[in-house]
Amino acid sequence: MNLFDKLTPQLFLRLGLGAVFAYSGLNILLHPTAWTWALRGLPAFIQTQIDRVGPEMYLRGQGIAELAMAAAFLAWFLPRWLVRIAAFFAAVEMAAILVFVGVDAATFRDIGLLGAALGVLFGRAFY
């Protein structure tokens with residue numbers, strides 16, 4: 001088997017998702033107030049829960065969760081079930097953004113991320 005046999009679409013989907021979630025997770029942790037716009041449009045029952053802990057604390061938790069998903073996508077040695085859990089949560093997050101925030105100049109990219117997450121969730125493993 002040569003090197004190119006290991007270069008599957010699944011590998012590139014994981015690398016791309018890992019990079020996106022690493023960047024956004026770190027950025028949310030470092031600059032949570034810059035991400036409060038992302039909380040607009042959420043249903044009232046979710047807003048109530050966010051208000052209990054405060055938007056900045058909620059966003060810090062979101063940043064930690066996104067860094068955990070990034071680690072799952074980028075760590076090739078982790079079990080497949082863990083990667084699929086990360087892909088499931090990534091797909092749910094992207095779908096929720098598209099449904100509750102809507103499609104605009106920033107969120108239209110989430111359609112591709114949703115597709116990538118679904119590709120990892122339902123695709124075949126490369127290892």
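Above: the structure in question.
Residues numbered from 1 in each chain as written. Predicted model: local features only at pLDDT ≥ 70, side-chain atom pairs only at ≥ 80, totals over all residues. Heavy atoms only, no water.

## Concerning the side chain of R80
Alright, step 1. Tracing the backbone through its elements, the reader meets R80 in helix α4 (residues 80–101).
Alright, step 2. Of the side chains bearing the opposite charge, E93 lies closest to the buried R80, which forms no salt bridge; the N-O distance is 17 Å.
Alright, step 3. Engagement of the side chain of R80 in a polar contact is seen with the backbone oxygen of V120, the distance being 2.7 Å. (Helix = DSSP H or I, 4+ residues; strand = E, 2+ residues; numbered from the N terminus. Buried < 20%, exposed > 50% of the residue type's maximum accessible area, 1.4 Å probe, protein only. Lys, Arg positive; Asp, Glu negative; His and termini not counted. Salt bridge = Lys/Arg side-chain N within 4 Å of Asp/Glu carboxyl O. Polar contact = N/O pair within 3.5 Å; in protein donor to acceptor, adjacent residues only side chain to side chain.)

## Some thoughts on the nonpolar core
Alright, step 1. The biggest cluster of nonpolar side chains holds 19 residues, and the ones touching the most others in it are L17, F21, M69, F73, A90 and V120.
Alright, step 2. Of all elements in the fold, only α1 (9–30), α3 (55–74), α4 and α5 (110–122) reach the threshold of two or more residues within this core.
Alright, step 3. Other than its neighbours up to four places away in sequence, L17 contacts F73, L113, A116, A117 and V120.
Alright, step 4. Core analysis: the next-biggest nonpolar cluster, separate from the first, contains six residues, I28, W35, L39 and L59 among them. (Core = buried A, V, L, I, M, F, W, Y, C linked by side-chain atoms within 4.5 Å. Contact = heavy atoms within 4.5 Å.)

## Section: the layout of surface pockets
Alright, step 1. Of the volumes computed, that of the largest pocket is approximately 760 Å³.
Alright, step 2. Around the largest pocket sit 30 residues that line it, and Q62, E66, E93, M94 and I97 are the ones nearest its centre.
Alright, step 3. When residues of the lining of the largest pocket are traced back to their parent elements, those giving at least two are α1, α3, α4 and α5.
Alright, step 4. Sort the elements by how many residues they give to the lining of the largest pocket and α4 lands first, with eight residues. (1 Å grid on protein atoms, 1.4 Å probe; cavity = no way out; pocket = protein on both sides within 12 Å on 5 of 7 lines; lining within 4 Å. Points joined across faces, edges and corners; volume = space filled by probe spheres on them.)

## Notes on the pattern of salt bridges
Alright, step 1. In total, this model carries two salt bridges according to the counting rule given.
Alright, step 2. The salt bridge partner of R40 is D104, with a shortest N-O separation of 3.1 Å. Here R40 is found in the loop between α1 and α2 (44–53), whereas its partner D104 is found in the loop between α4 and α5, with 64 residues between them in sequence.
Alright, step 3. By relative accessible area, which is 40% here, R40 ends up partly exposed.
Alright, step 4. Classification of D104 by relative accessible area gives partly exposed; the value is 28%.
Alright, step 5. Taking the shortest distance from any N to any O, the salt bridge between R60 and E56 comes out at 3.9 Å. Taken together, the positions of R60 and E56, both in helix α3 and four residues apart, correspond to about one turn of that helix.
Alright, step 6. Here E56 falls in the partly exposed class, since its relative accessible area comes to 38%.

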